[in-house]
Amino acid sequence: MNAFLAIVRRDLLLAARRKSEVFTALFFFMIVVSLFPLGIGPESATLRRIAPGVLWVAALLAAMLSLNRLFAADHQDGTLEQMSLSPTPLALLVSGKVLAHWLTAGLPLVLLAPVLGLQFDLSARSLGILMISLLLGTPVLSLIGAIGAALTLGVRGGGVLLSLLVLPLYIPALIFGAGAVEADLAGLGAGGHLSLLGALLALGMFFAPWAATAALRIALE
């Protein structure tokens, strides 16, 4: 557990030194979300109808911006190889890197989304559901993205390949995350969608670190 916390702390310190990468994703999220009300117009009913999908797709794309750097720097400087040789299980260290990625790339989106949701005339209850769905869904994006980042590590043109690999896998999280807000807007209740998102998160937390670890060991051979 000390090694896990050390990896999280190390990656957070590295992210603090590269603030531009974090702010780039946030500004991308803000700009993409803000363009839709400007382009579609001030019709409240239309904005409320498209809000869940727009916010979730923008968050998904913003979270992807930093995926290709999840393991790349450690691979280039040899840190990843040292991690694989350490007595601490590599899967635990990978979990620490995924957590640090979510804290820098996912959590800021969760906190910013309700503010941007005001542009779409969402109610306070719907904004709360949106925040909960992103709180459950963005870790799933980081976990799935870690598998894609490990599979494309060291591959030329890996950024494009990474997008092609992970985007289809993001679809369930997108459907259930946006569907939770849509169900609440329709008065149907968001409990079912949020439960499925929680199940996806539980499965991802169990399987994704092991899958990413296997892919990293192949890349290091």
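Residues numbered from 1 in each chain as written. Predicted model: local features only at pLDDT ≥ 70, side-chain atom pairs only at ≥ 80, totals over all residues. Heavy atoms only, no water.

Student: How do you make sense of the overall build of the chain when you look at a structure like this?
Tutor: Tallying secondary structure elements over the chain gives nine helices and zero strands in all. Going from N to C terminus, the chain has its helices and strands arranged as α-α-α-α-α-α-α-α-α. Relative to the globule expectation of 17 Å for 221 residues, the C-alpha radius of gyration of the chain, 18 Å, shows essentially globular dimensions. Expressed as a percentage of the 221 residues in the chain, the buried residues total 44%. In the chain, the proportion of contacts linking residues at least 24 apart, taken out of those at least 6 apart, comes to 81%. When the accessible surface of the chain is summed, it comes to about 10,800 Å², and 70% of that surface belongs to carbon and sulfur atoms. Across the chain, the mean location of the 12 positive side-chain charges is 5 Å away from that of the 10 negative side-chain charges. (Helix = DSSP H or I, 4+ residues; strand = E, 2+ residues; numbered from the N terminus. Rg over C-alpha atoms; globule rule 2.2 N^0.38 Å. Buried < 20%, exposed > 50% of the residue type's maximum accessible area, 1.4 Å probe, protein only. Contact = heavy atoms within 4.5 Å. Areas by Shrake-Rupley, 256 points an atom, 1.4 Å probe, with all protein chains shown as cover. Lys, Arg positive; Asp, Glu negative; His and termini not counted. Charge placed at Lys NZ, Arg CZ, Asp CG, Glu CD.)

Student: Any chance you could explain the UniProt feature "transmembrane region" (unreviewed entry) in the chain here in plain terms?
Tutor: Mapped onto this numbering, the UniProt entry annotates "transmembrane region" (unreviewed entry) at residues 21-41, 53-71, 92-116, 128-153, 160-181 and 193-220. Taken end to end, residues 21-41 has its terminal C-alpha atoms 31 Å apart, with 95% of it in helix and 0% in strand. What you have in residues 128-153 is 92% helix and 0% strand, and the ends, taken at the C-alpha atoms, are 37 Å apart. (UniProt positions renumbered as here; feature names shortened; annotations may be inferred.)

Student: I tried to follow unusual backbone geometry on my own but got confused; where do I start?
Tutor: Peptide bonds are, in most cases, trans, and in most cases residues other than glycine have a negative phi. A positive phi angle, close to 60°, is found at D121, a residue other than glycine. Relative to the assigned elements, D121 resides in the loop between helix 6 (90-117) and helix 7 (124-151). We classify D121 as partly exposed; its relative accessible area is 38%.

Student: What is the right way to look at the packing of aromatic side chains in this model?
Tutor: The description of two aromatic rings rests on the distance between their centres and on the angle between their planes. Overall, the coordinates contain one aromatic pair when judged by the stated rule. Arranged with centres 4.8 Å apart and planes meeting at 90°, the rings of F206 and F207 form a pair that is edge-to-face. (Phe/Tyr/Trp six-rings, centres within 6.5 Å; stacked < 30°, edge-to-face > 60°.)

Student: Just checking my understanding: could you explain the nonpolar core for this structure?
Tutor: Nonpolar side chains in soluble globular proteins tend to be buried together. Core analysis: the biggest nonpolar cluster contains 59 residues, and F29, W56, F71 and Y170 have the highest contact counts within it. Residue assignment for this core shows that the elements contributing at least two residues are helix 2 (19-40), helix 3 (44-64), helix 5 (79-85), helix 6, helix 7, helix 8 (158-185) and helix 9 (191-220). Dropping the residues within four chain positions of it, W56 is found in contact with L130, S133, L134, G137, T138, L141, A173, L174, G177, A178 and L197. (Core = buried A, V, L, I, M, F, W, Y, C linked by side-chain atoms within 4.5 Å.)

Student: Help me understand a nonpolar patch on the surface, please; the structure alone is not making it clear to me.
Tutor: A contiguous nonpolar patch, built from F23, F27, M30, I31, L35, F36, L38 and I40 and spanning about 800 Å² of accessible area, is present on the exposed surface. Tracing the chain through its elements places F36 in helix 2. (Patch = residues over 30% accessible without salt bridge, like charges linked within 9 Å, V, L, I, M, F, W, Y side chains within 5 Å. Salt bridge = Lys/Arg side-chain N within 4 Å of Asp/Glu carboxyl O.)

Student: Before we go on, may I ask you to explain the packing of helix 2 against helix 6 in this structure?
Tutor: In the contact formed by helix 2 and helix 6, the axes pass within 10 Å of each other and the chain directions differ by 30°. When the interaxial angle is binned, helix 2 and helix 6 end up roughly parallel. As helix 2 packs across helix 6, the resulting crossing turns out to be right-handed. Contact with helix 2, carried on its side by V22, L26, F29, M30, V33 and S34, involves T104, P108, L109, L112, A113 and L116 of helix 6 and no other residues of that element. (Axes fitted to C-alpha atoms, helices over the stretch in contact; angles between N-to-C directions. Parallel < 35°, antiparallel > 145°, perpendicular 65-115°, else oblique. Left-handed = near helix turned anticlockwise from the far one by under 90°.)

Student: Help me understand the pattern of salt bridges, please; the structure alone is not making it clear to me.
Tutor: Once the charged atoms of two side chains with opposite charge are near each other, the side chains can pair. Here the structure, examined in full by the defined rule, presents four salt bridges. Between R10 and D11 there is a salt bridge whose closest N-O contact spans 2.8 Å. For R10, a relative accessible area of 25% puts it in the partly exposed group. Here D11 falls in the buried class, since its relative accessible area comes to 12%.

Student: Can you help me understand helix 1 (residues 2-17) in this one?
Tutor: Given a rise of 1.5 Å per residue, 16 residues ought to cover 22 Å, and the 23 Å separating the end C-alpha atoms of helix 1 matches this to within 8%. All of the buried residues in helix 1 are F4, I7, V8, D11 and A15. Along the axis of helix 1, the buried residues cluster in a sector spanning 95°; they form a single face. Relative to its buried face, helix 1 has exposed residues pointing more than 90 degrees away, namely N2, R9 and R17. (Expected span 1.5 Å × (residues − 1). Arc of directions from axis to C-beta.)

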